[in-house]
Structure formats: C-alpha cells, structure tokens
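Residue-level structure breakdown
Next come the chains, spelled out residue by residue.
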Amino acid sequence: MAHRTDLDLELEERRRVLDAWVSTRRRIAALEAEAAELLVKQIAIHDADVSSSPFHREAIYRSMIAEFSASGHLPKGSVEFAFADARALESHLPAVRAAFASGSISSAHVREIARASALVDEAIRNRKVEPAVMELFETAVLVIAEQDTAARTRAHARQVAAALVGETLVDRHRRAAEERCVTVKSLDDGLALLTAVLPEWIATAISDRLSRMTREVVRARNDREIVPEPWWFEAEAEGLTPEDFALDDPSFDPYVDGVIPGADGDTFATDPEVEHFPADARTWAQVEADLLADLLLTADPSAANGDGLGSIQARVQVTVAATTLSGLDDQPAELDGHGPLDPDIARELAGRHTGWTRLFLDSTGMVVETDTYTPTEGMRRFLRARDRHCRFPGCRMPVHRCDIDHNHDHAKGGKTRLDNLSHFCRAHHILKHPDVPDPHRWTAQQEKDGSVTWHSPLGRDYSDPPPRRVMFV
C-alpha cells in the first residue's frame, strides 16, 4: 500500500473544502429559486388585488414592495428587481426557471437572462417574431449560463436576443439613447454620487481613456519629485541679474549660496529650508476620480469640436459585417465584450478611424483570416479578434489589457503558433509563472477546438470555450 505524504493529505483537504463550497453554492441557488417561487405567488395575489381595485394599482404595488423590503431588510430597488425576475420566470422563461430550481444557475444568472429576454418578449408581443423564438433564446442562453459566469452570460444573452430579434434591437438602442442624462445624489461626509447614463460605446470609451490616463499618472509620479518654483523665478524672467539680489551685500553670490542654479548644480531642490510638495500617494481610484473632474471642469465644448467622435482617444473593439459597413443592411454591429451596437455608430466610427481590421468570416460567422496575415502583427490581430477577452474561465478583461501568452512555455519548446497563443490578463497570466510555488501554480493548454483548459494545483480542469461571434444566421 502506497504511503500518503503530507502533501497528498493537504491536497485532499483542499479538494474536500472546494467540493463542499461548490455544493453549498448550488443549495444556495436552489433556495434562491424557492424564494423566487414565493414571489411568483405574491405576484398572483398582487394581480388579484389590482383586478378588484384597478384605480389603486400604484398604491397596491408600492405597499407590496415596501412590505417585502422592510421584512427582508433589503433596499427597495433590490426587491423590485427580484419581483421583475420572478415575473419573467413565471411568464416566459420556463426552462430558466427549471434550471434555477435545480441550482445549476444562480440568481445573478437569472437577472441577466431576464433582462436580455425583455427584447425577445417585446418582439413577440408586437408580433414581429413567433412565440417559439423565446424557446430558442432559452436553449441558447442556458448552454453558456450553466457553464460560465453571470457576466459572460449577460453578453451572450444580449447577443442571442439581438440575433433572434434582428433590427428591433436598432430601434430599441435609438429609443434608449434618448434617455441619456446626468444626475447628482448627495452622500454623507461632503461626497456626492455623479451618475451618467450614456450609450454603452461612449461609456466604454470614457472608462478606457480614464484607465489609460490614470496608468500614465501613476507611472510618472515615481519618476520625478514636484517642487514649487523658486522665489527668484519671476524676477529672473523679468530680466533681473544676480547682482540685483545682493546690492547691500557685496560678498553675497546667489550662484554659490544656492539660490540660483549655476555651474556647481541646483542646490535649491535639496535645500532643507525650501518647502517641497508631498509625494503623490493617491490610490488608483482617487487618481481616476480626479482626472474625471479635471477633464470635465477644464474642457471647453463647442461646435468646432464636432459631435465628439473625432476626439475620442480611447480603445473600443467593434465587429461589423462588410454589408452593414457599406450600408447594404442595418444588422447590429458588436461592441466586443459588451454586446450589440447601433450600426450607424459603427459606420460613424469606421469613417473617422484608420485602425480598423478587415476580417474574413466563414458561413457560420467565425473569424478564419485577417486581410494582412503575417507571422507577427497579423497573428496578434487574429488573436485579438478571436479571444476578445482574457481566456481564463469567467474573466472578461478586454484583450487590449491582456498579455499574449504561450500556453506551452516557449522556453520549454512551445511554438509561436495560433494554437499555442491566448490572451490572459495579468492577474491570471502570473498564475503560470515559474516563480509561483508548485502547490499553487496553474498550467494552461489550448485544445483543438480552440478552447483553453486550465489545470489547477488541486488537479481540477476548467475549460474556457472559444468565444462565439454569431449564434444565428
């Protein structure tokens, strides 16, 4: 009988804890489904009350929300979302309802699916698509939801809904854009919450630009020390000479005594009598907030600046069919990592930007080639189009913030080929670094179908399937 080492026992305990945690999470999801079923029953009671007193519809609804909010110690908005999800499960999402009851998806998954299903439900009620389309929507969405995170389910569900409904999405986006606004809500301690409701592509570009500017500020502050200008700065600019500073003291030499930089160097920066500005110790979030305030308060918008498209200095990745780009149709484009994009916006961005990559797709919509495929930049462009985000299961970090990694280490014979390259964000990339101790180091392997299998230190395998661009044609 083989002797079990301390490491074997440690790994076994870690696996046991992990399995128990996963099992508990499934039971929690099942209990959340039971809670949703109770809300379904309450909705029936609510509807009956409204039928008997239709003129008090709003009061009946507000009373119900207040009752559940107070009893459950939950915010009003959370209770309203919970009731909306329960109504969607009861009215048009039977398959999602069953998956929720089994514990295979969480309430977060249900929330994203229910929101995306509203587009399909609206099209069915307006008789633009057949009722059977909702069943197709559920089937396609659950394939991802039962195997992936709520965040990825959100993007996938929106893509499926857009593909099934078609141009209705364009009209929906244009109507929604009319609701853009900025609001301010006072908080405690002299703070306030500034909320901007914007088209998604604009919000994404703003966030990316702020992140890039913040990165440069944080990087630069470590390279230099900011000190105030010396007292003689303005005088020297007005043409005064060193002799003008010491008329009453012939022995005084401003160059030697350290008030004016001379041949012996600038002693001003090291003078202990001079007040220096403190080092910039702001956090990343604080720098980002300060930059946002600076940009908004110092910018001078005018008609000369156009509609803003030409001044965006940020990165967004958009995929659009050639027929849509040329105006032959109005099928939705895709804002990679987020969801559908109004084709007019995609065409406007394409006309003002020179960095677009033309892609060739096969009949299923999968990227198979770029127009300038070379062993270097061409490969990188192909990988950006293929991966779209970090290839660790559940991670949605966009590719322009990720590293291209050799799944099989290049130093150990791994080749620089498309089937051995993937985008990993820095947090997940370092999981594979050789300086990570063996009991905690991960490995990754790309499969023939394009999926990436991660092998954990506990001996578990986690697979990330290749992103799909088109679900229905």
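This write-up is about the structure you can find in this document. The structure displayed is predicted, hence computed values, not measured ones.

Conventions used here
Residues numbered from 1 in each chain as written. Predicted model: local features only at pLDDT ≥ 70, side-chain atom pairs only at ≥ 80, totals over all residues. Heavy atoms only, no water. Helix = DSSP H or I, 4+ residues; strand = E, 2+ residues; numbered from the N terminus. Buried < 20%, exposed > 50% of the residue type's maximum accessible area, 1.4 Å probe, protein only. Contact = heavy atoms within 4.5 Å. Areas by Shrake-Rupley, 256 points an atom, 1.4 Å probe, with all protein chains shown as cover. Patch = residues over 30% accessible without salt bridge, like charges linked within 9 Å, V, L, I, M, F, W, Y side chains within 5 Å. Salt bridge = Lys/Arg side-chain N within 4 Å of Asp/Glu carboxyl O. Phe/Tyr/Trp six-rings, centres within 6.5 Å; stacked < 30°, edge-to-face > 60°. Core = buried A, V, L, I, M, F, W, Y, C linked by side-chain atoms within 4.5 Å.

**Here we look at the overall build of the chain**
Secondary structure assignment for the chain yields 15 helices and 12 strands. Buried residues in the chain amount to 33% of all 473 residues. In the chain, of all internal contacts separated by at least 6 residues, the share reaching a separation of at least 24 is 56%. Roughly 29000 Å² of accessible area belongs to the chain as shown, and the carbon and sulfur atoms make up 56% of that amount.

**Comments concerning a nonpolar patch on the surface**
A cluster of nonpolar residues, Val182, Val184, Leu194, Leu292, Leu296 and Leu297, forms a patch on the protein surface that exposes about 620 Å² of accessible area. When residues of the nonpolar patch are assigned to their parent elements, the largest contribution, three residues, is made by helix α11 (residues 284-298). Looking at the secondary structure, you find Leu292 in helix α11.

**Concerning the packing of aromatic side chains**
The full count for this structure, using the stated rule, is six aromatic pairs. Measuring from centroid to centroid gives 4.7 Å for Phe424 and Trp454, while their planes differ by 55°, and the two rings are tilted. With Phe424 in strand β9 (residues 421-425) and Trp454 in strand β11 (residues 452-455), this pair connects stretches of sequence that are 30 residues apart. Three or more aromatic residues joined by ring pairs form one cluster here, namely Phe392, Phe424, Trp442, Trp454 and Tyr462.

**Things to note about unusual backbone geometry**
For Arg127, which is not glycine, the phi torsion reads 60° and is therefore positive. Structurally, Arg127 is set in the loop between α5 (107-125) and α6 (132-145). With a relative accessible area of 79%, Arg127 lands in the exposed category. Positive phi outside glycine occurs at Arg388, with the angle close to 70°.

**A few points about the nonpolar core**
Leu93, Val96, Ile105, Val120 and Phe137 are the most contacted members of the largest nonpolar core, which totals 30 residues. Counting residues per element, this core draws most heavily on α5, at eight residues. Residues in contact with Leu93, not counting those within four places in the same chain, are Ala88, Ile113, Ala114, Ser117, Met134, Phe137 and Glu138. The next biggest cluster of nonpolar side chains, apart from the first, holds 10 residues, and it includes Cys390, Cys425, Trp442 and Trp454.

**Some words on the pattern of salt bridges**
This model, assessed by the stated rule, comprises 23 salt bridges. Between Arg347 and Asp344 there is a salt bridge whose closest N-O contact spans 2.7 Å. One end of the pair is Arg347 and the other is Asp344, both in helix α13 (residues 343-352) and three residues apart, which spans about a single turn. A relative accessible area of 37% means that Asp344 is categorised as partly exposed.

**Regarding the environment of Val287**
Locating Val287 in the fold gives a position in helix α11. Of the residues examined, Val287 reaches a relative accessible area of 1% and is grouped as buried. C-alpha of Val287 to C-alpha of Met213: the two residues are 74 residues apart in sequence and 9.2 Å apart in space. For Val287, the residues in contact, after removing those within four places along its chain, are Thr214, Val217, Arg221 and Arg282.

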